[in-house]
Number of protein chains: 2
Amino acid sequence: MTARITGLRTYDIRFPTSRELDGSDAMNPDPDYSAAYVVIDTDHPDGHEGHGFAFTIGRGNDIQTTAIRALESYVVGRPLDGTLSDLGGVWREMVHDSQLRWLGPEKGVMHMAISAVVNALWDLRAKRAGKPLWKLLADSTPEELVDLVDFRYLSDALTPAEALEILRRAEPGRAEREAYLLERGYPGYTTTPGWLGYDDAKLARLCKEAVADGFTQLKLKVGANLADDVRRMGIARAAVGPDIRIAVDANQRWDVGQAITWVRELSRFDPWWVEEPTSPDDVLGHATIARAISPVKVATGEHVQNRVVFKQLLQTDAISYLQLDAARVAGVNENVAILLLAAKFGVPVCPHAGGVGLCELVQHLSMFDFLAVSGSMDNRVIEFVDHLHEHFVHPVVIRNGNYLAPTAPGFSSDLRPQTLIDYAYPHGPVWMEGEAA
Amino acid sequence: MTARITGLRTYDIRFPTSRELDGSDAMNPDPDYSAAYVVIDTDHPDGHEGHGFAFTIGRGNDIQTTAIRALESYVVGRPLDGTLSDLGGVWREMVHDSQLRWLGPEKGVMHMAISAVVNALWDLRAKRAGKPLWKLLADSTPEELVDLVDFRYLSDALTPAEALEILRRAEPGRAEREAYLLERGYPGYTTTPGWLGYDDAKLARLCKEAVADGFTQLKLKVGANLADDVRRMGIARAAVGPDIRIAVDANQRWDVGQAITWVRELSRFDPWWVEEPTSPDDVLGHATIARAISPVKVATGEHVQNRVVFKQLLQTDAISYLQLDAARVAGVNENVAILLLAAKFGVPVCPHAGGVGLCELVQHLSMFDFLAVSGSMDNRVIEFVDHLHEHFVHPVVIRNGNYLAPTAPGFSSDLRPQTLIDYAYPHGPVWMEGEAA
């Protein structure tokens, strides 16, 4: 009997984070961090499940869950081995479905839904291979990796031949880098101190704690009020001294001219980068800002919808740091494309994380990048936010400001079974109790 | 008693157009034209309803309908007059909802859902005012129109003051232009002859019929096979002679280099424009293509997600014709912004239509543009496809290749009640019979 994929379960999981103003920034004052969560079942006796999710911040998580449900027919009933060994093909079927693509194409709700399913399939494949995802990817041949990538719309910036060359160039020294990674981990930076909803005393305290915990970079949310930002940036700089990197994040709050004015005011505090200064769709705007605020650098990516927009951000020198997101573009495959693009243009990838489980996911991508794509950790850091990790079966492990390499097979994407019950929206106990209170 | 909005009904309506290969192109081989349809009810004794929809091409129309449903709380329960007199404010509430915007921001399923609801509110407002939408908009003051527009992310290209100036410049001569419009209509062009699924004889026959019907421009789908396209373009050119404009439409089929090669091959047939040569997200790609294929012009817009991308297409001289879509960006308000941007950059707007009811909607926007924004019909044409108009209560009227100005109050968006029953998916009679057969 050929083992098959037999089910696709979805869950609308929401955490009432708005009650504490965790995650508050200039554009997202009261998020309820949420996951449109998917579990893929098989009839194989090994019993492995594939777990994946799209991250949202509350309202609309039901729409996102519906969109994942709609992908059931693309996976359920398929032969297990044939599907997992051709995830490039499965990706192309879903992304290029001639009717579904009208809903994007390749952006927004539908693309994030594909991300959740693609990542769940990768989780399943890695579990069945008995490897953490970073290791599974790094053990693939350059040809296998290139086959995962859809080069449509990329060929003016990156061809399959160039991608192969990048991957082959990274082969020497891989064993040494893996040993280094396993021993030291991968550098992180923390956003925990800098949410807009926190008062000044809490900001100063959390900045000092971050440095004591071993972080060498932290990040502040800005963009709601310039005077407040100047004061908060001053507090943070005073708390950590001149040698700690402080990035600032405007969460798309500004128009182009406003961004330039604002960043110039903050530049006396030596910001390491300014993140999402304007609309994530505004490639030219980012490029204009980057030229105007130099030597301060621009970073963006958490809301960049797909590889085509990343391509242009790189072509225009608009960004100095590329912040991929594990679950906004269409999953592992598209992120392999994005890592290759970044390597081609020599731009360090510093993934967006936080939210629900994004730290758990992106660590695999950065570690794979270190082993098999860019081959470097220089100026590369993974965002860390100390939220909601306790809900994961294999939460990230941070030691002295570094992400330790995960060892459990899979993509670290499994939420605990009890969390799937407690935080189900709207009828799970946490939400029913909240309503009663 | 203050009248209120009392309900938001949604319908998943699909037409089995794939059975005839109507609407087939290089990227959409077998579309089932569909509408995620919404009706807004009130408790006012006048009994008017607001009708709107997002257009899709089949699978995923259920997701789109779910997204519209999720907007119920933004409209139901609101006071009727206060809501309709502040559609700028309602737009901003929905588009900038701090949690929902994570699903875009301002793109894809969620943005199209807002479009459907915004357009339904405009339909209701126009019906209650007893005017067709084009007239309602054209009778607004420049200040009222500017208030509809969200200038966020636009101010480096268009400020409120510039928008006011554009609108004031168009005030003189409006009465004369309205008389002209009512007498002559607004020029259309036809895509009916050129679908990829049609054989050569049908192509030639339909081209000749189009000219006999008074059209001076028609359009061919291209991009699947170069030899076929050369042959088909030759047939079309021979059928209509040198004076009829023939545009070609690649529906995003090409990479940048491919587009340039392909269009150069077709250029001997004097194509009027090349539409959607590559990804709608690739602003720089469009600009590169435009420079390389000059004097052939580039047109795009039906998949351009929002005003920020249109802004960049204009800033880079990537397009010579701007093809707005009535239901992809967030409805009338965002299209007013796009018309203003186009006027600022001096680029003619030639709307995308066809599908389900897009002709019915966009005619209002072009006629408003002629009266109150650009003040011109030069090189401006509205796409016309002879599909599915019979399902509308007030279908477009074409005479001698021109769209006649609609006179019925509203946005011409009402589907016939029987259509809402017959084409309901998946349990309406048309689909149940199709399954039985």
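Being a predicted model, the structure only gives us computed values, none of them experimental.

**Q** Explain the UniProt feature "domain: Mandelate racemase/muconate lactonizing enzyme C-terminal" (unreviewed entry) in chain A here, please?
**A** In this numbering, the UniProt entry assigns the feature "domain: Mandelate racemase/muconate lactonizing enzyme C-terminal" (unreviewed entry) to residues 200-296 of chain A. Structurally, residues 200-296 of chain A comprises 52% helix and 15% strand, and the distance from its first C-alpha atom to its last is 25 Å.

**Q** Just checking my understanding: could you explain the sheet that holds strand S1 (residues 5-14) of chain A for this structure?
**A** Backbone hydrogen bonds hold the strands of a sheet together, and the pairing may be parallel or antiparallel. Residue and element names in this part refer to chain A. Read from one edge to the other, the open sheet built from three strands follows the order S1-S2-S3, with strand pairing classed as antiparallel. The sheet is open, and its two edges are formed by S1 and strand S3 (50-56), each paired on a single side. Here the strands of the sheet are splayed against their neighbours by 15° on average, with no regard to which way each runs. Where strand S2 (residues 34-42) lies against S3, seven bridges are found, and the strand directions are antiparallel. When the bridges of S3 are listed, Ile40 appears paired with Gly50. Across the sheet, helix H1 (residues 61-69) lies against S1, S2 and S3, angled at about 175° from S1, the strand it touches most. Seen against the sheet, helix H5 (residues 108-129) touches S1, S2 and S3 and runs at an angle of roughly 150° to S3.

**Q** What is the right way to look at the interface of chain B and chain A in this model?
**A** Size of an interface: often given as the accessible area lost when the parts come together. At the interface, 62 residues of chain B touch 62 residues of chain A. For the pair chain B and chain A, the summed buried surface comes to about 5,200 Å²; carbon and sulfur atoms form 53% of the total. On the chain B side of the contact with chain A, Arg59(B), Gln99(B) and Trp102(B) bury the most area, a combined 18% of that side's loss. Between the two partners, chain B and chain A, sit six salt bridges.

**Q** How should the sheet that holds strand S2 (residues 34-42) of chain B be read in this particular structure?
**A** Residue and element names in this part refer to chain B. The three strands lie next to each other as S1-S2-S3, forming an open sheet whose pairing is antiparallel. For this open sheet the edge positions go to strand S1 (5-14) and strand S3 (50-56), each flanked by a neighbour on one side alone. Adjacent strand axes in the sheet meet at a mean angle of 15°, parallel and antiparallel pairs treated alike. Bridge count for S1 against S2 is nine bridges, and the pairing is antiparallel. Within S2, the residue paired with Thr10 across the bridge is Val38.

**Q** Explanation requested: the relation of the copies chain B and chain A in the structure shown.
**A** Applying a rotation about an axis and a shift along it to one chain copy brings it onto the other copy. For the pair chain B and chain A, the best superposition has an RMSD of 0.0 Å and corresponds to a rotation of 180° with a translation of 0.0 Å parallel to the axis. Both chain copies can therefore be described as sitting about a two-fold axis. The rotation axis passes nearest to the C-alpha of Gly108(B) in chain B, at a distance of 2.5 Å. Interface overlap between copies is the fraction of interface residues in one copy that are interface residues in the other; for chain B against chain A it reaches 100%, indicating a shared surface.

**Q** How should the packing of aromatic side chains be read in this particular structure?
**A** Here the distance between the centres and the angle between the planes together describe a pair of aromatic rings. Counting across every chain of the model gives 28 aromatic pairs over all chains. Consider the rings of Tyr189(B) and Trp273(B), whose centres lie 5.3 Å apart with planes at 90°: the pair is edge-to-face. Of this pair, Tyr189(B) sits in strand S4 (residues 186-194) while Trp273(B) sits in strand S7 (residues 271-275), and the two are 84 residues apart along the sequence. Owing to a relative accessible area of 0%, Tyr189(B) belongs among the buried residues under this scheme. Through pairs of rings, three or more aromatic residues link up here, namely Tyr11(A), Tyr37(A), Phe53(A) and Phe392(A). The aromatic ring of Tyr198(B) is capped on one face by Lys202(B), whose charged end is 3.9 Å from the ring centroid. Here the guanidinium or amino end of Arg245(B) rests over the ring plane of Trp272(B), the centre of that ring lying 3.7 Å away.

**Q** Help me out: how do you make sense of the pattern of salt bridges in this one?
**A** Pairing is possible between side chains that carry opposite charge, provided their charged atoms lie close to one another. Residues and elements named next belong to chain A. Within the structure shown, the criterion is met by 68 salt bridges over all chains. Residues Arg14 and Asp12 are paired through a salt bridge, measuring 2.9 Å at the closest nitrogen-oxygen approach. Residue classification places Arg14 among the buried positions, given a relative accessible area of 6%. On the basis of relative accessible area, Asp12 is assigned to the buried category, the value being 14%. Close ionic contact of Glu334 with Arg307 constitutes a salt bridge, the shortest N to O distance being 3.7 Å. In this pair, Glu334 is assigned in helix H15 (residues 331-345) and Arg307 in helix H14 (residues 307-315), connecting sequence segments 27 residues apart. The residues Glu334 and Arg307 share a single accessibility class, namely buried. Linked by salt bridges that have partners in common, Lys219, Lys221, Asp249, Glu275 and Glu383 make up one network.

**Q** Sorry if this is basic, but what is going on with helix H9 (residues 174-184) of chain A here?
**A** What sets the pattern is the α-helix's 3.6 residues per turn: residues three or four places apart point alike. Residue and element names in this part refer to chain A. Here H9 has its buried residues at Arg177, Glu178 and Leu181. Buried residues in H9, looked at end-on, bunch into an arc of 100°, giving them a common side. Those residues of H9 that are exposed and aimed more than 90 degrees away from the buried face are Ala175, Glu176 and Glu183. Structurally, H9 contributes buried residues whose contacts are with helix H6 (133-138), strand S4 (186-194) and helix H16 (358-373). Trailing H9 by a residue or two, Gly185 shows a phi angle of about 85°, which is positive.

Here is what the cut-offs are and how they apply
- Residues numbered from 1 in each chain as written.
- Chains lettered and ligands numbered in written order.
- Predicted model: local features only at pLDDT ≥ 70, side-chain atom pairs only at ≥ 80, totals over all residues.
- Heavy atoms only, no water.
- UniProt positions renumbered as here; feature names shortened; annotations may be inferred.
- Helix = DSSP H or I, 4+ residues; strand = E, 2+ residues; numbered from the N terminus.
- Pairing = 2+ DSSP bridges.
- Axes fitted to C-alpha atoms, helices over the stretch in contact; angles between N-to-C directions.
- Contact = heavy atoms within 4.5 Å.
- Buried area = accessible area lost by both parts, 1.4 Å probe.
- Salt bridge = Lys/Arg side-chain N within 4 Å of Asp/Glu carboxyl O.
- Least-squares fit on C-alpha atoms with pLDDT ≥ 70 in both.
- Phe/Tyr/Trp six-rings, centres within 6.5 Å; stacked < 30°, edge-to-face > 60°.
- Buried < 20%, exposed > 50% of the residue type's maximum accessible area, 1.4 Å probe, protein only.
- Lys NZ or Arg CZ within 6 Å of the ring centre and 35° of its normal.
- Arc of directions from axis to C-beta.

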